[in-house]
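Understanding the architecture of this molecule
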Amino acid sequence: MVRRRHISDVDEVMVDQAFNGRDNGTVLIERFNVKIHRSDIKMLQAETMVNDALINYYMEMLQVYDLKKERKPSLYYSSFIMAKFVDEFPRLEYSRIRK
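Report on the accompanying structure. (Residues numbered from 1 in each chain as written. Predicted model: local features only at pLDDT ≥ 70, side-chain atom pairs only at ≥ 80, totals over all residues. Heavy atoms only, no water.)

In this section: the overall build of the chain. Along its length, the chain carries five helices and two strands. Counting all 99 residues of the chain, 17% fall into the buried class. Considering only residue pairs separated by 6 or more positions, the chain has 18% of its internal contacts joining residues 24 or more positions apart. Accessible surface for the chain amounts to roughly 8900 Å². Of this, 54% is attributable to carbon and sulfur atoms. (Helix = DSSP H or I, 4+ residues; strand = E, 2+ residues; numbered from the N terminus. Buried < 20%, exposed > 50% of the residue type's maximum accessible area, 1.4 Å probe, protein only. Contact = heavy atoms within 4.5 Å. Areas by Shrake-Rupley, 256 points an atom, 1.4 Å probe, with all protein chains shown as cover.)

A separate point is the pairing of strand β2 (residues 34-37). Residues V34 and I36 line the buried face of β2, whereas the alternating positions K35 and H37 sit on a face that is not buried. As defined by bridge partners, strand β1 (residues 27-31) adjoins β2 across four bridges and the pair is classed as antiparallel. The residue of β2 that forms the bridge with I29 is I36. (Pairing = 2+ DSSP bridges.)

The subject of this paragraph is helix α3 (residues 52-68). With 17 residues, α3 extends 24 Å from end C-alpha to end C-alpha; this agrees with the ideal 24 Å at 1.5 Å per step. Listed in full, the buried residues belonging to α3 are A53, L54, N56, Y57 and D66. Following α3 by one or two positions, E70 has its phi on the positive side, about 50°. (Expected span 1.5 Å × (residues − 1).)

Another aspect to go through is the nonpolar core. In this structure, A18, F32, V34, I36, I41, A53, L54 and Y57 together form the largest nonpolar core, which totals eight residues. Within the residue set of this core, elements represented by two or more residues are β2 and α3. In this view, A53 contacts V34, K35, I36 and D40; residues no more than four positions away in its chain are not counted. (Core = buried A, V, L, I, M, F, W, Y, C linked by side-chain atoms within 4.5 Å.)

Time to look at the side chain of D66. Here D66 lies in helix α3. The class of D66 is buried, set by a relative accessible area of 1%. At 3.0 Å, the side chain of D66 and the backbone nitrogen of S74 are in polar contact. (Polar contact = N/O pair within 3.5 Å; in protein donor to acceptor, adjacent residues only side chain to side chain.)

The subject of this paragraph is unusual backbone geometry. In this structure, F32 is a non-glycine residue whose phi angle is positive, near 60°. As for its position among the elements, F32 is in the loop between β1 and β2. Assessed through its relative accessible area of 18%, F32 is described here as buried. Phi at N33 takes a positive value of approximately 60°, unusual for a residue other than glycine. On the secondary structure map, N33 appears in the loop between β1 and β2. Overall, the relative accessible area of 85% leaves N33 in the exposed class.

Below, the discussion takes up a nonpolar patch on the surface. Together, L44, V50 and I55 give the surface a local cluster of nonpolar side chains, amounting to about 240 Å² of exposed area. In this structure, I55 sits in helix α3. (Patch = residues over 30% accessible without salt bridge, like charges linked within 9 Å, V, L, I, M, F, W, Y side chains within 5 Å. Salt bridge = Lys/Arg side-chain N within 4 Å of Asp/Glu carboxyl O.)

Structure representation (C-alpha cells):
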C-alpha cells in the first residue's frame, strides 16, 4: 500500500506551475551544480523516462544527506560516468574519466 502525503494548496499550485508552464527552458532548481529545467520536471510524469539531470540531482542530494547525517558515506557517481563504464568496459582508462 502506498501512502501519499498531502501537500498544502500553495505547494500544489507550485507543482502545477512546474508541470504545466509553457517555457520548458526555465530553470526551476539550481543546486549541486545541476540545473533542473521545466522540461526535466515534466519527465516525472507517468510513462516518461527520467533523464540524467534528475538522476544526477538525486545522487547529489543523497550524498549531501549522507554528510549531514554523519554516517558512513556511500558511493554516488554521475550517470554520465556509468554510461562511460558500460560503453567502454573493459577498455576503460582512468585518465579518460577523471576530473
